[in-house]
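For reference, the chains in residue letters:
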Amino acid sequence: MKKGKKLYEGKAKIIFASTDKNLVIQHFKDDATAFNNQKKANIEGKGILNNRISEHILSALKDANIENHLIKRLNMREQLIDLVEIIPIEFIVRNIVTGSLTKRLNIEDGTKLNRPLIEFCYKNDGLGDPLVAKEHIYAFEWASEKEIDYITEQCMRINDFLLGMFKGIGIKLVDFKIEFGKRKSDGKIILADEISPDTCRLWDAETDKKLDKDRFRKDLGEIIEGYQEVARRLGILHEQTNNIRPIKFPKPIEVKIKKK
Ligand code: UDP
């Protein structure tokens, strides 16, 4: 699959055209941003890990009949995906209260929710992705009522699936953000973007140690190690590929052979 011109560059990913008009190439960068772009960093190897983790999760979802944009991973940083028109809403699914919700409603961090909570945020960096009601989505025609009902149902199915998947590897799925789009080829609404430690909160089940982007947001250090731990538990990273940083070989020693 040949890479065409750059179509769009976001904070952590770039979208390139492909030779098929209905497919595009999604490239994962090492760039990380937080707090509406105020905090920025380059985390070496993050893009490679997110590409692999998102591929793993989206393939598993596809096997469970949850349609999404993934066609196949192409290389270390890129995957071939369906071209979609993204619905300008971030769908946040929460199982445990943390992050912005603790402050907004003054709820204790770590409170378990009896049922998953779905929130809608309008995708707009200039406004800081504000929380909106379903009625805003309908009033401004960002999506129809029928579409939101379908997406909400998909969010619950995805949450059920991911909760089980992470539980099996000793990880609590605290919350996550997903995006949906209309597939160009047939107009169907499908899961798009990515699912990775950049977009989920993942806590070790025993210690509550954070294994996700909060390590960057909260300056906890060992960011890449957290992502690697998720990949390792998912069975993606094997021992020999554990070191994703380029190996620096020492300069060859010059050996002078004396002529006799
Ligand atoms: N999230 C995301 N992108 C965003 C905002 C949130 O991936 O632009 C994810 C975030 O990683 C977390 C969940 O959505 O898993 C809920 O985030 P919250 O609203 O608590 O965000 P905060 O403001 O605390 O970062």
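Above this note sits the structure.
Structure report, in brief. Every value quoted in this text rests on a predicted model; they were computed, and no experiment measured them. (Residues numbered from 1 in each chain as written. Predicted model: local features only at pLDDT ≥ 70, side-chain atom pairs only at ≥ 80, totals over all residues. Heavy atoms only, no water.)

1. Here we look at the sheet that holds strand β6 (residues 70–73)
- In spatial order, the strands read β1-β2-β3-β7-β6; together these five strands make up an open sheet with antiparallel pairing. Edge strands, defined here as strands with exactly one partner in the open sheet, are β1 (6–9) and β6. Averaged over all adjacent pairs, the angle separating strand axes in this sheet is 25°, with direction ignored.
- Judged from the three bridges that link them, β1 and strand β2 (residues 13–17) form a sheet pairing that is antiparallel. Residue E9 lies in a different strand from β2, and its bridge partner there is I14. (Pairing = 2+ DSSP bridges. Helix = DSSP H or I, 4+ residues; strand = E, 2+ residues; numbered from the N terminus. Axes fitted to C-alpha atoms, helices over the stretch in contact; angles between N-to-C directions.)

2. Re the pairing of strand β4 (residues 31–34)
- Sheet analysis places β4 next to strand β5 (residues 39–42), joined by four bridges and oriented antiparallel. Pairing of T33 across the sheet is with K40, part of β5.
- Connecting the antiparallel pair β4 and β5 is a turn made up of four residues, with F35 showing a positive phi of about 50°.

3. Let's talk about a negative patch on the surface
- Taken together, the side chains of E135, E145, D149 and E153 present a region of like negative charge at the surface.
- The residue D149 is located in helix α4 (residues 145–167) in this model.
- Classification of D149 by relative accessible area gives partly exposed; the value is 43%. (Patch = residues over 30% accessible without salt bridge, like charges linked within 9 Å, V, L, I, M, F, W, Y side chains within 5 Å. Areas by Shrake-Rupley, 256 points an atom, 1.4 Å probe, with all protein chains shown as cover. Salt bridge = Lys/Arg side-chain N within 4 Å of Asp/Glu carboxyl O. Lys, Arg positive; Asp, Glu negative; His and termini not counted. Charge placed at Lys NZ, Arg CZ, Asp CG, Glu CD. Buried < 20%, exposed > 50% of the residue type's maximum accessible area, 1.4 Å probe, protein only.)

4. A look at the packing of helix α1 (residues 46–63) against α4
- Contact geometry of α1 with α4 gives a least axis separation of 11 Å together with a crossing angle of 120°. Looking at the two axes, α1 sits oblique to α4. Seen from above, α1 lies across α4 with right-handed handedness. On the side of α1, the interface is formed by I57, A60 and L61, while α4 contributes I158, F161, L162, M165 and F166.
- Split by residue class, the contact of α1 with α4 holds eight nonpolar, no polar and no charged. (Parallel < 35°, antiparallel > 145°, perpendicular 65-115°, else oblique. Left-handed = near helix turned anticlockwise from the far one by under 90°. Contact = heavy atoms within 4.5 Å. Nonpolar A, V, L, I, M, F, W, Y, C, P; charged D, E, K, R; others polar.)

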